[in-house]
There are 2 protein chains.
Amino acid sequence: MTRILALCWVLLWTLPGIAANNDSPAPLLTTKQRFSMPVYTTVGGRTIKSLQVGWESYGELSQTKDNVILITHYFSANSHAAGKYHPDDAAPGYWDAIIGPGKAIDTNKYFVISVDSLANLGANDPNVITTGPASINPDTGKPYGLDFPVVTIKDFVNVQKAVLESLGITKLHAVVGASMGSMQALEWAASYPDWVPRMISVIGAGKSDAWTTAALEQWAIPIRLDPNWQNGNYYHSQPPLEGLAASLMLITQQALHPDFFNLQGETLGYQPLETGPLNDIRQSHSIVNWLSERAHSRAALMDANHLLYLVRACQLFLAGHGNSLTASMQAVKAKTLFLPAENDLLLMPYMAEAAHEALLTNKKQSVYDELKGQYGHLNGVVNIQQKAADINAFLQN
Amino acid sequence: MTRILALCWVLLWTLPGIAANNDSPAPLLTTKQRFSMPVYTTVGGRTIKSLQVGWESYGELSQTKDNVILITHYFSANSHAAGKYHPDDAAPGYWDAIIGPGKAIDTNKYFVISVDSLANLGANDPNVITTGPASINPDTGKPYGLDFPVVTIKDFVNVQKAVLESLGITKLHAVVGASMGSMQALEWAASYPDWVPRMISVIGAGKSDAWTTAALEQWAIPIRLDPNWQNGNYYHSQPPLEGLAASLMLITQQALHPDFFNLQGETLGYQPLETGPLNDIRQSHSIVNWLSERAHSRAALMDANHLLYLVRACQLFLAGHGNSLTASMQAVKAKTLFLPAENDLLLMPYMAEAAHEALLTNKKQSVYDELKGQYGHLNGVVNIQQKAADINAFLQN
């Protein structure tokens, strides 16, 4: 039940008013907090003034501030990793199955915190606070558009570090993230090794290879094709929602697996020879309409330029910014756990395996295991509880 | 050498003036022929007047016309399966490695023939003859655009049958095809079982499932986003070349595999943290530029509406048009050979396996084996000679 609801949350971002945790009498509650920085200098050497990001936490910070677990979020997510804002919210945060009182990441014990990324995809979501191309440039009074500086995974990490430092935190108990969040987790371990004794990479990678950089570009292309995009200057006209929805259709399919898709097809009564598309080139198959409707629904709260900047951040990813992944992993002090999904078609298991092997080459302590299930890449989001015990044990050692 | 040249042909469609078969003193020569039909009625019940398609042949038709092997071509190909038009052509047809004198499909023995598909992608290629949305509608004197009827894989087969009948042929020795060509091959075996004693499906499928229908739609979407597309009415203005190139970038990547892509990245000196894309959101990584340049180069000879119609033909594919794949396979009389590629990400091996299993369920004679290599789906085109001996033996039994 939790798994299905979490998947719906990922696919829909909206759900009918079903209480998600009706087996849990008192849902974990949280609030979005705001963090501000007067000026931030990017890895690329550009400055962002009046930087603002949102953050959430679950559990209590200990007096010695030694119980902090940072959760770094995936591409289309934000810092709402667990819990609800209000008891009657349709669904909790995306990893609620493993974050909460008595759960794998136990909020009775740990202070769990997560931060909205720069250029967060959900720029128009009232529960997201982010700074990106849709933000007002204080120097011009207008949205940045493509004048916003390129930001990297390391920039996301640097901003998270500033948030933690503002709370008096100087070290983590662990950093844990899925997908783009796994990139940030490994970046943390490589760039700030004294902060990170434990790192968990779920459905992750250590760097973007040529295949992944090209695949990410395919997500950006439909946005740039949309005539409403206008080189990113659409903030006073119609946004490029068709291009954005096209990008989301591609992302959603690549993040899933034929096993799930074909079950969904059965639910819809999908047939190759459906009458509509046989008779009219302008009509589509049931499975295409299903995918398209969900993408259009999600696009409303997202910003197309932000998607371009997230694509670029992931393309530029090499944990630690060393000369190679093996060179970068030399600095790591954390013990690490890699949990790719065995049937992941987006970040295939060879990527997590390469990072794991680069750590072993450097005589680091690393464990590799695989998630199973019908969801492909999304097994790391909607099907994570299968590794709850392993995650819990890893965090306690 | 042949493999690399064949891959270049697939990716580039143009090559510098290097003789491809400089180890072969007398290249197989062929000429494009034209076939015309005054009227053709589609599976969907619409009529196409003055239908024309091109065809090629290699080898000699026997007096009893009992030595015919039909080659059905893949999505971005045409009937140029082997040989050259002129001895100084840059490259031969795509399956020249297995079609020719003394080769797996021996033109000293067989009359090998192939037919350009309806709505062939290379509508602007002077070596392609096809009828599709870019053709003039005799009723209006203008290009059809989206008024062209939807056509199916079975329509391609029906037109091929008309070509064969025009030559006095009433039965095949075998039908052999890769990818979209495999769909036609199995359609032949299911729809015209008395014609087909042998069928070889390379990197193939028996039907389009929900996953594949959605994945195919992703190829169509960038074209419809291009402002030049104008609902398909672009024949008197600028064609939607950006949308078409975007579609080709996606197709090319999905037809390959990370193993090949990452080797190509090494050749280009790809690095995640390349300076251009780090400094400017408008710049791209070397691997993206490589993919984009090849797609733009190929787009020049192709028609965007034709791509939409080919996508639809593949989406509507269920061999034999039965109630299910198992029901459709009941009529087959051919012995069959399935050769998917083990690392195919486009038509994954489970699809060929399902068709093979549906035949076994019906007590038919079927063999299943897998292609290997770094090219993913394209192992079935550029790496086919690894199964030359098996194909040759299968055709002789």
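The rules we used
- Residues numbered from 1 in each chain as written.
- Chains lettered and ligands numbered in written order.
- Predicted model: local features only at pLDDT ≥ 70, side-chain atom pairs only at ≥ 80, totals over all residues.
- Heavy atoms only, no water.
- Pairing = 2+ DSSP bridges.
- Helix = DSSP H or I, 4+ residues; strand = E, 2+ residues; numbered from the N terminus.
- Axes fitted to C-alpha atoms, helices over the stretch in contact; angles between N-to-C directions.
- Contact = heavy atoms within 4.5 Å.
- Buried < 20%, exposed > 50% of the residue type's maximum accessible area, 1.4 Å probe, protein only.
- Least-squares fit on C-alpha atoms with pLDDT ≥ 70 in both.
- Buried area = accessible area lost by both parts, 1.4 Å probe.
- Salt bridge = Lys/Arg side-chain N within 4 Å of Asp/Glu carboxyl O.
- Parallel < 35°, antiparallel > 145°, perpendicular 65-115°, else oblique.
- Left-handed = near helix turned anticlockwise from the far one by under 90°.
- Nonpolar A, V, L, I, M, F, W, Y, C, P; charged D, E, K, R; others polar.
- Right-handed = clockwise from strand over helix to strand, strands pointing away.
- Polar contact = N/O pair within 3.5 Å; in protein donor to acceptor, adjacent residues only side chain to side chain.
- UniProt positions renumbered as here; feature names shortened; annotations may be inferred.

**Description of the sheet that holds strand β10 (residues 198-202) of chain A**
Residue and element names in this part refer to chain A.
Next, step 1: With mixed pairing, the 8 strands of this open sheet are ordered in space as β1-β2-β6-β3-β9-β10-β11-β12. Edge strands, defined here as strands with exactly one partner in the open sheet, are β1 (33-41) and β12 (366-368). Across the sheet, the mean angle separating the axes of adjacent strands is 20° when strand polarity is ignored.
Next, step 2: With 4 bridges joining them, strand β9 (residues 174-178) and β10 adopt parallel strand pairing. Bridging across to β10, A178 finds its partner in V202.
Next, step 3: The sheet strands contacting helix α3 (residues 180-191) are β3 (68-72), β9, β10 and β11 (335-339), and the helix crosses β9 at an angle near 150°.
Next, step 4: Contacts between helix α13 (residues 388-396) and the sheet are confined to β3, β9, β10 and β11, with β10 contributing the most and set at about 160° to the helix.

**Comments concerning the pairing of β3(A)**
Residue and element names in this part refer to chain A.
Next, step 1: Most of β3 is tucked away, with 5 of its 5 residues classed as buried.
Next, step 2: Burial along β3 is two-sided: V68, L70 and T72 and I69 and I71, pointing in opposite directions, are all buried.
Next, step 3: Sheet topology places β3 next to strand β6 (residues 111-115); 4 bridges connect them, and they run parallel. Note on β6: the bridge partner recorded for I71 is S114.
Next, step 4: Note that β3 and β9 share 4 bridges and pair parallel.

**Re the relation of the copies chain A and chain B**
Next, step 1: Superposing chain A onto chain B takes a rotation of 180° plus a shift of 0.0 Å along the axis, which leaves an RMSD of 0.0 Å. What the rotation and shift describe, once combined, is the action of a two-fold rotation axis.
Next, step 2: Take the interface residues of chain A: 100% of them recur as interface residues in chain B, which is what a same-surface contact looks like.

**Description of the environment of B:G59**
Residue and element names in this part refer to chain B.
Next, step 1: Here G59 lies in the loop between β2 (47-58) and β3 (68-72).
Next, step 2: According to the relative accessible area criterion, G59 is partly exposed, its value standing at 24%.
Next, step 3: For G59 and L28, which are 31 residues apart along the polypeptide, the C-alpha to C-alpha distance reads 9.1 Å.
Next, step 4: Here G59 is in contact with T107, Y110 and F111, once residues within four sequence places are set aside.

**As for the interface of chain A and chain B**
Next, step 1: Contacts between chain A and chain B engage 59 residues on the former and 60 residues on the latter.
Next, step 2: Summing both partners gives a buried area of about 5,000 Å² for chain A against chain B, and 68% of it is carried by carbon and sulfur.
Next, step 3: In terms of surface lost to chain B, no three residues of chain A exceed A:W211, A:L225 and A:I281, which account for 15% of the buried area on that side.
Next, step 4: Our count for the contact surface shared by chain A and chain B stands at 2 salt bridges.

**A few points about the pattern of salt bridges**
Next, step 1: Considering all chains together, one arrives at 24 salt bridges over all chains under this definition.
Next, step 2: A salt bridge links B:K103 to B:D96; the shortest N-O distance between them is 3.0 Å.
Next, step 3: Each of the salt bridges in this network shares a partner with another, and the network as a whole consists of A:K32, A:E56 and A:D116.

**Comments concerning the packing of helix α4 (residues 210-225) of chain A against helix α5 (residues 241-254) of chain B**
Next, step 1: Remark: α4(A) packs on α5(B), axes separated minimally by 10 Å, with the N-to-C direction vectors making an angle of 155°. By the angle class used here, α4(A) and α5(B) are roughly antiparallel. In this structure, α4(A) crosses over α5(B), and the sense of that crossing is left-handed. Across the interface between the two elements, A:W211, A:A214, A:A215, A:Q218, A:I221 and A:L225 from α4(A) touch B:E242, B:G243, B:A246, B:M249, B:L250 and B:Q253 from α5(B).
Next, step 2: For the contact of α4(A) with α5(B), the class distribution of residues is 8 nonpolar, 3 polar and 1 charged.

**Some thoughts on the sheet that holds strand β1 (residues 33-41) of chain B**
Residues and elements named next belong to chain B.
Next, step 1: The strand order across the open sheet built from 8 strands is β1-β2-β6-β3-β9-β10-β11-β12, with neighbouring strands paired in mixed fashion. Because the sheet does not close on itself, it has two edges, and the strands there are β1 and β12 (366-368). Taken over all neighbouring pairs, the strand axes of this sheet differ in orientation by 20° on average, direction set aside.
Next, step 2: The pairing of β2 with strand β6 (residues 111-115) spans 4 bridges and is antiparallel. Bridging from a neighbouring strand, W55 pairs with V115 of β6.
Next, step 3: Lying over the sheet, helix α3 (residues 180-191) contacts β3, β9 (174-178), β10 (198-202) and β11 (335-339), oriented at roughly 150° with respect to β9.
Next, step 4: Against the sheet, helix α11 (residues 349-361) engages β11 and β12, with an angle of about 155° to β12.

**Digging into the pairing of β9(B)**
Residue and element names in this part refer to chain B.
Next, step 1: Of all the 5 residues making up β9, 5 are buried; the element is thus mostly covered by neighbouring parts of the structure.
Next, step 2: Burial along β9 is two-sided: the residues A174, V176 and A178 and V175 and G177 are all buried.
Next, step 3: Traced from β9 through α3 to β10, the parallel crossover comes out right-handed.

**Quick word on the environment of A:S114**
All names here are of chain A.
Next, step 1: When you line up the elements, S114 lands in strand β6.
Next, step 2: Apart from the residues within four sequence positions on either side, S114 is in contact with G54, W55, E56, L70, I71 and S79.
Next, step 3: Engagement of the side chain of S114 in a polar contact is seen with the backbone oxygen of I71, the distance being 2.7 Å.

**Examining the UniProt feature "active site" (unreviewed entry) in chain A**
All names here are of chain A.
Next, step 1: According to UniProt, the positions carrying the feature "active site" (unreviewed entry) are D344.
Next, step 2: Examined against the element boundaries, D344 turns out to sit in the loop between β11 and α11 (349-361).
Next, step 3: When its relative accessible area of 3% is taken as the criterion, D344 is described as buried.
Next, step 4: With sequence-adjacent residues up to four places away left out, D344 is seen in contact with I203, P349, G376 and H377.
Next, step 5: Within the structure, D344 has its side chain in polar contact with the backbone nitrogen of L346 (distance 2.8 Å).

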